[in-house]
Each structure stands twice: as structure tokens, then as C-alpha cells.
Amino acid sequence: MFDAKQLANEGVRNLQPYQAGKPIEELERELGIKDIVKLASNENPLGLSSKVRAALQDTLSGLARYPDANGFYLKSKLAKKFGLQTSQITLGNGSNDVLELVARTFVSAEHEVIFSQHAFVVYPLVTQAIGAKGIAVPAQDYGHDLDAMLAAITPKTRMIFVANPNNPTGTFLSTEALQDFIAKVPENVLVILDEAYSEYVAEADRAPSFAWVDSYPNLVVTRTFSKAYGLAGLRAGYAVSHPEVADLMNRARQPFNMNSLSLRAAEVALDDEDYLQQSVAVNAAGMEQLVAFCESANLPYIPSQGNFLTIEVGDGAADIYDKLLHEGVIVRPVAGYGLPRHLRVSIGMPEENEAFITAMRKLLD
Ligand SMILES: *Cc1c(COP(=O)(O)O)cnc(C)c1O
């Protein structure tokens with residue numbers, strides 16, 4: 001009898017697929033309701049920037065051709081903006097792609113990969129897909145316990161993932177703590193610093209992580225256009241690393257992993273300072289709104305530096321998630337991240353946040 005599972009490699013066989021936030025259209029189909037508010041995937045509530053929209057329109061006529069496999073213009077723009085060499089940049093179909101690429105390039109089945117408890121689920125996923133051993137280090141106040149992560153390094157350790165800010169907890173590591181950690185990691189262990197939410201962090205608090213790559217050749221920093229730049233549906237992200245690391249990743253990379261639309265959109269988004277500033281301002285205001293609600297409702301929350309707030313709603317989290325769906329509000333259950341009493345709520349526009357708050361007040365009564 002045909003048994004595909006027997007044929008699959010062992011890592012994949014035992015993998016649980018990534019669980020994305022529930023799409024609006026799916027809830028519409030299931031419950032037949034309209035005016036749904038989705039605060040489940042840390043997407044940008046501003047929608048697409050008008051400058052990007054216009055540029056995409058102009059790009060359509062070229063779509064019969066293959067994209068630029070080297071992403072020359074986007075890499076040049078990134079290099080100029082951040083003071084990098086283009087040879088340090090690896091482009092990805094979202095930063096997710098880069099996170100997988102770096103693991104596939106450097107990790108084999110005999111290796112161990114360290115990440116924090118409650119960290120981004122893609123880290124254990126890519127580790128397991130390779131058949132390597134994932135080491136989840138217990139969190140400290142929901143965030144990374146860097147000393148414990150250092151202590152978890154063994155001769156088999158090849159890679160350590162650190163998300164700053166972390167998703168789904170929003171916890172943040174100071175520049176000093178982070179640099180002290182990276183300096184202590186042996187050079188034969190790669191540190192992947194995932195800065196998907198970097199733009200939401202106050203500039204004074206942001207680590208000079210791209211510059212660190214010059215001092216720490218085993219450091220790989222990843223960023224994305226999915227969050228503050230508002231391009232989640234297009235898939236655009238990148239890594240900054242030592243040129244030799246980038247060169248190796250480039251060998252394992254699919255040649256056209258960024259398409260013509262995502263390349264062009266990312267180029268334009270990078271210059272769209274107004275949109276970025278608005279993203280950050282809307283997020284700061286929405287964060288205040290949600291925090292004020294939590295305080296007034298006596299709901300504990302994890303202080304967040306991202307574009308989301310993870311709230312401890314209690315033992316009934318799964319039930320509250322379900323009831324919120326029936327109120328037309330999609331949030332994110334995080335039981336799969338070891339947080340069964342919490343729900344993660346992305347920051348939306350003021351009226352979207354209000355819809356969540358109103359629904360919660362109704363459920364709590
Ligand atoms: C959203 C997110 C990403 C980015 O994903 P993309 O593939 O770029 O859309 C990466 N890391 C973390 C921790 C995230 O939350």
C-alpha cells in the first residue's frame with residue numbers, strides 16, 4: 001500500500017504545519033458575517049502605501065519577463081540607506097524565506113539549534129525540517145534568557161535564533177545585553193538576530209545591529225517589509241551578514257525568490273518615509289489604547305515593543321478566541337507557543353482596536 005509518510009524525510013514527517021492567522025474571507029464563509037476586524041497577523045493596518053500602489057501598476061507591463069535574480073536595485077538602495085556593501089545582503093521571499101535559507105545553508109541533522117521558549121514558531125519549524133535538534137531554552141519574564149541560552153551551547157550547537165522584539169511576546173532586549181551575548185557566542189555558532197519589528201522600537205533603543213556584523217562575522221541580522229512597511233502580501237525580506245555568509249546563502253537560494261512586484265514595492269517602500277512614520281505613530285497610539293483597556297479591565301499583558309499586545313485572558317482563552325470570532329474580531333491564539341492563557345492582538349486602526357475592546361467588554365460582563 002502507498003504510504004507517503006514512510007517516504008518523507010523524518011524531520012518533515014513529524015512537522016506540524018505553520019498556523020497562520022485566520023483569513024477574513026474564511027470567517028466570512030464560515031459564519032456568514034461582514035465587517036470583520038482582523039487583528040491576528042501583525043499586518044499593517046494602514047494598508048498599501050499609495051506610492052507603492054502606483055509603482056506596482058507601472059511594473060505590471062514587465063511581468064512576462066523573469067525578475068532580476070540579483071535584486072540589484074533593491075540591494076543598492078538598502079546598501080545606501082544603511083551604509084552596507086551589497087555583498088552583505090541576501091534577499092528573501094519574506095524574511096521567513098531568509099530564516100529557512102540560513103538554516104538550510106548552515107545546519108545539518110547532527111546539529112543543535114537554540115531558541116527561546118515562546119519564540120517565533122518558524123525557528124523550531126526550520127530546525128525540524130532539516131532533522132536537526134531544536135533546544136528551547138526556558139524564558140525569563142516571557143522573554144529570552146540570554147545567559148541560559150549561552151549555557152545551552154554545546155559542541156553540537158550550530159545556530160541560535162534571537163528575535164528582538166520577540167513575537168508573540170513583544171519582549172525586548174537592550175543593546176548592551178544583546179551585544180554582551182553576541183560577543184560571548186563562539187565564532188563557529190551563528191547568531192540569527194530577527195528584527196522583524198525593529199522599526200517600531202524607539203530609535204534610541206535600537207541596537208546598531210547592521211554595524212555589529214563587521215565585528216561579529218557569525219552574526220546574521222534579518223529584517224522584513226511585512227510589518228512597518230506594509231507589504232506582507234508581497235513577500236519581501238532580507239538578511240545582512242558577512243559577505244561570505246551571504247555568498248553561501250546565495251548558492252542555496254532559489255534564483256527568483258523575490259518577484260518583480262515585491263522587488264519594486266520594497267524599493268519604493270524603503271523611500272516612503274511618510275508611510276513609515278505614520279505606521280509607527282498609528283502603532284504607538286493603538287498600543288496606548290489597548291494597554292489602557294487592559295489596565296481598566298484588570299487584564300495582565302506582556303509589555304510589547306512590537307505592533308501587537310499579548311494579553312493574559314485566563315483559562316478560557318480558547319473560548320474567548322472563539323467568541324470573539326462570533327463578534328467578528330479575529331485575534332491570535334498562542335497556545336502553540338506555550339501561552340495557553342494568552343491571546344495576541346495586533347494593533348489596528350483606532351476603530352478596529354475599539355471593535356476588539358467593545359467585544360471583550362461584552363464577553364467579560
Ligand atoms: C512577522 C515576523 C517575521 C516576518 O515574516 P515575513 O516572512 O517577512 O513576512 C519574521 N520574524 C518574526 C519574529 C515575525 O514575527
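The rules behind the values
Residues numbered from 1 in each chain as written. Predicted model: local features only at pLDDT ≥ 70, side-chain atom pairs only at ≥ 80, totals over all residues. Heavy atoms only, no water. UniProt positions renumbered as here; feature names shortened; annotations may be inferred. Pairing = 2+ DSSP bridges. Helix = DSSP H or I, 4+ residues; strand = E, 2+ residues; numbered from the N terminus. Axes fitted to C-alpha atoms, helices over the stretch in contact; angles between N-to-C directions. Contact = heavy atoms within 4.5 Å. Salt bridge = Lys/Arg side-chain N within 4 Å of Asp/Glu carboxyl O. Buried < 20%, exposed > 50% of the residue type's maximum accessible area, 1.4 Å probe, protein only. Near = heavy atom within 4 Å. Polar contact = N/O pair within 3.5 Å; in protein donor to acceptor, adjacent residues only side chain to side chain. Areas by Shrake-Rupley, 256 points an atom, 1.4 Å probe, with all protein chains shown as cover. Nonpolar A, V, L, I, M, F, W, Y, C, P; charged D, E, K, R; others polar.

In the annotation of an unreviewed UniProt entry, the entry for the protein chain reads Histidinol-phosphate aminotransferase, and the organism field reads Pseudidiomarina terrestris. UniProt annotates the protein chain under Cofactor (unreviewed entry) with the comment "pyridoxal 5'-phosphate".

J.: I'd like a rundown of the sheet that holds strand E5 (residues 157–163), residues and numbers included.
T.: Strand order in the open sheet made by the seven strands is E2-E8-E7-E6-E5-E3-E4, with mixed pairing throughout. Either end of the sheet is taken by a strand with one partner, and the two such strands are strand E2 (89–92) and strand E4 (133–137). Going from strand to strand, the sheet's axes swing by 20° on average, the running direction of each strand aside. Sheet contacts for helix H5 (residues 72–82): E2, strand E7 (219–224) and strand E8 (237–240); angle to E2, the most-contacted strand, approximately 130°.

J.: Which residues make up the pattern of salt bridges, and what values go with them?
T.: This structure, assessed with the given rule, holds 15 salt bridges. Close ionic contact of Lys-38 with Glu-43 constitutes a salt bridge, the shortest N to O distance being 2.9 Å. Take Lys-38: its relative accessible area is 18%, and that puts it in the buried class. Taking the relative accessible area as the measure of exposure, Glu-43 reaches 34% and is therefore partly exposed. The partner of Lys-184 in a salt bridge is Asp-180, with the nearest N and O atoms 3.0 Å apart. Here the residue Lys-184 and the residue Asp-180 both occupy positions in helix H9 (residues 175–184), the gap between them amounting to four residues, near one helical turn.

J.: Quick rundown of the site of the ligand? Include the residues and the values.
T.: Near the ligand you find 13 residues, and of these Asp-194, Tyr-197, Thr-224, Ser-226 and Lys-227 are the closest. For the ligand, an oxygen atom lies 2.5 Å from a polar atom in the side chain of Thr-224. Across the complex, the protein chains shield 94% of the 380 Å² of accessible surface that the ligand would expose by itself. Here the residues of the shell around the ligand sort into four nonpolar, six polar and three charged.

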